[in-house]
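Chains, contacts and geometry: an overview
Chain by chain, the residues run as shown.
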Amino acid sequence: MEKKYHLLLVDGMALLFRSFYATAMSGYFMLNSKGIPTNGIHGFVKHLLTAIHTLKPSHVVCCWDMGSTTFRTEWFPDYKANRGEPPLELIPQFDLVKEVVAAFDIPNIGVLGAEADDCIGTIAAQLKNEAHISILTGDQDMLQLLEENVNIYILDRGIGNYKRYTLERFYEENGIFPKQLIDVKALMGDASDNYPGVRGIGEKTAFKLVQQYGSVEGILENIESLTKAQRNKITQQIDMLHLSKKLAAIYCSLPIQLHMEDAQLNIDDEKVQAAFQELELRGLDTLLDKVLTYI
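Residue numbers run consecutively from 1 along every chain, following the written order of its sequence. Where local features are concerned, this predicted model is filtered to residues with pLDDT of at least 70; where side-chain atom pairs are given and counted, the filter is 80 or more; whole-chain, interface and lining totals use all residues. Note that the side-chain values use all heavy atoms of the structure and ignore hydrogens as well as water.

- In the annotation of an unreviewed UniProt entry, the entry for the chain reads 5'-3' exonuclease, and the organism field reads [Anoxybacillus] calidus.
- As its UniProt record puts it under Function (unreviewed entry), the chain is described as follows: "5'-3' exonuclease acting preferentially on double-stranded DNA." UniProt positions are given in the numbering used here, feature names are shortened, and annotations may be inferred rather than shown by experiment.

Some points on the overall build of the chain
- Only runs of H or I of at least four residues qualify as helices and only runs of E of at least two qualify as strands under DSSP, and these elements are numbered from the N terminus. When you go through the chain residue by residue, the secondary structure sums to 13 helices and 6 strands.
- What the globule rule says is 2.2 Å times the number of residues to the power 0.38, and the radius of gyration is computed from C-alpha atoms. Computed over C-alpha atoms, the radius of gyration of the chain comes to 21 Å, within 12% of the 19 Å expected from 2.2 N^0.38 for 295 residues, which places it in the range of a compact globule.
- Based on the C-alpha atoms only, the size of the chain along its principal axes is roughly 65 × 50 × 35 Å.
- Partly exposed residues are those whose accessible area sits between 20% and 50% of the maximum for their type, while under 20% is buried and over 50% is exposed, using a 1.4 Å probe and protein chains only. Put simply, the chain has 295 residues, and 51% of those count as buried.
- Throughout, a contact is declared for two residues whenever any of their heavy atoms are within 4.5 Å. Pairs at least 24 residues apart make up 71% of the contacts formed inside the chain by residues separated by at least 6 positions.
- Carbon and sulfur atoms make up 50% of the accessible area of the chain, which amounts to about 14300 Å² in all.
- When charges are counted, Lys and Arg are positive and Asp and Glu negative, with His and the chain ends excluded. Charge positions come from single atoms, namely NZ of Lys, CZ of Arg, CG of Asp or CD of Glu. Of the charged side chains in the chain, 28 are positive and 39 negative; the average position of the first set lies 7 Å away from that of the second. For the accessible areas, the method is Shrake-Rupley and the probe is 1.4 Å, while residue cover comes only from the protein chains on display.

What about the sheet that holds strand β4 (residues 131–137)?
- The pairing criterion for strands is at least two bridges between them, as found by DSSP. Taken in spatial order, the 6 strands line up as β3-β2-β1-β4-β5-β6 in an open sheet, and their pairing is mixed. Two strands lie at the open edges of the sheet, namely β3 (108–109) and β6 (162–165), each paired on one side alone.

A few points about the domain arrangement of the chain
- You can read the domains of the chain as domain 1 (5–172 + 255–285) and domain 2 (177–248).
- All the domain ranges listed were derived from an automatic or database domain assignment. Its C-alpha centre places domain 1 at a distance of 30 Å from the equivalent point of domain 2.
- Between domain 1 and domain 2, the contact holds 18 residues from the first and 18 residues from the second.
- Once two parts are joined, some of their accessible surface, as seen by a 1.4 Å probe, is lost; buried area is that loss totalled over both. Taken together, the two surfaces of domain 1 and domain 2 that pack against each other cover about 1600 Å², and 57% of this comes from carbon and sulfur.
- Put simply, a salt bridge is a Lys or Arg side-chain nitrogen that is within 4 Å of an Asp or Glu carboxyl oxygen. Our count for the contact surface shared by domain 1 and domain 2 stands at 3 salt bridges.
- Residue Arg83 pairs with Asp193 through a salt bridge whose shortest N-O separation is 2.8 Å.
- Any N or O atom pair separated by 3.5 Å or less is treated as a polar contact, with the protein-specific requirement of one donor-capable and one acceptor-capable atom, and with residues adjacent in sequence counted only for side-chain atom pairs. At the boundary of domain 1 and domain 2, one finds 9 residue pairs in polar contact (both at pLDDT 80 or more).
- Among the elements of the structure, α3 (71–75) and α6 (167–174) are those that each provide at least two residues to the side of domain 1 that touches domain 2.
- At 3 residues, α6 tops the list of elements feeding residues into the side of domain 1 that touches domain 2.
- Across the side of domain 1 that touches domain 2, the residue classes tally to 10 nonpolar, 3 polar and 5 charged. Residue classes follow a fixed rule: Ala, Val, Leu, Ile, Met, Phe, Trp, Tyr, Cys and Pro count as nonpolar, while Asp, Glu, Lys and Arg count as charged, and any other residue, Gly among them, counts as polar.

With respect to a negative patch on the surface
- Here the term patch refers to residues with relative accessible area over 30% and no salt bridge, with like charges joined within 9 Å and nonpolar side chains (Val, Leu, Ile, Met, Phe, Trp, Tyr) within 5 Å. Taken together, the side chains of Asp268, Asp269, Glu270, Asp285 and Asp289 make up a negatively charged region of the molecular surface.
- When contributions to the negative patch are tallied by element, the ones reaching two or more residues are α12 (269–279) and α13 (285–294).
- Positionally, Glu270 belongs in helix α12.

So, the UniProt feature "transmembrane region" (unreviewed entry) in the chain
- Residues given the UniProt feature "transmembrane region" (unreviewed entry) here are residues 7–31.
- In this annotation, residues 7–31 is assigned 52% helix and 20% strand; the end-to-end C-alpha distance for the span is 34 Å.

Re the environment of Thr293
- Within the element layout of this structure, Thr293 appears in helix α13.
- Each C-alpha atom of the pair Thr293 and His53 lies 9.4 Å from the other, and the pair is 240 residues apart in sequence.
- A polar side-chain atom of Thr293 sits 2.8 Å from the main-chain carbonyl oxygen of Asp289.

See the structure below:
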């Protein structure tokens with residue numbers, strides 16, 4: 001049955017970081033008359049408006065990381081420890097971009113100690129029976145959230161270009177179901193998030209083992225069927241294997257109370273224009289007009 005609503009869940013951090021670094025590499029920060037850099041915010045709004053115009057959701061929510069430490073850091077202190085401090089020019093844009101999102105009357109959702117991924121996973125789990133759900137992100141880890149009624153759009157080069165993933169496409173490309181991606185990451189680790197998995201087991205072997213045995217638990221039940229080298233690596237690093245599986249899984253049970261009506265897309269042109277003027281964001285009117293026409 002076709003769902004009545006279409007909910008777009010936006011990974012705010014992915015859009016903001018991508019927008020910031022798109023111009024920061026050349027030293028272009030778009031300082032306004034108050035000396036505030038706005039390059040990340042400007043690009044973020046372009047991404048957001050383009051996604052709304054392209055995907056035509058009826059409801060939109062924007063999710064954010066809240067602080068640098070999470071429950072995963074408590075489990076594994078080195079989690080994401082390889083990431084440096086954000087550039088000084090980006091820091092003021094974290095709060096200001098949320099003010100712009102609020103001017104669109106789009107809810108900003110974040111939970112202290114959790115990541116944007118967990119917020120998105122929680123909301124998708126809560127509302128997937130009420131709406132068709134699209135997730136906009138740059139993070140491949142989010143593919144574990146794919147379901148019959150949940151599609152994922154991975155940001156590609158430029159603005160408005162996405163790799164669209166459905167449950168069917170993911171299975172065709174990988175030979176596993178989306179939730180099994182957690183088991184693959186448990187084995188191979190994640191250099192970006194800085195957890196090792198089982199050292200010596202790479203991506204190709206991880207996929208092969210999960211395709212064959214279904215899960216980490218299935219692999220352990222059939223440990224004697226593995227090669228001697230694989231068996232040794234896994235048994236010697238079994239604690240890290242289990243920990244890596246916990247770190248890889250998006251947590252979908254955060255204490256978030258969001259109702260569909262809270263996310264209804266209803267943009268007040270004057271309110272948005274006031275936010276643009278406050279930050280001196282220019283060149284966005286055409287995109288905004290396209291969205292207002294669609295709404």
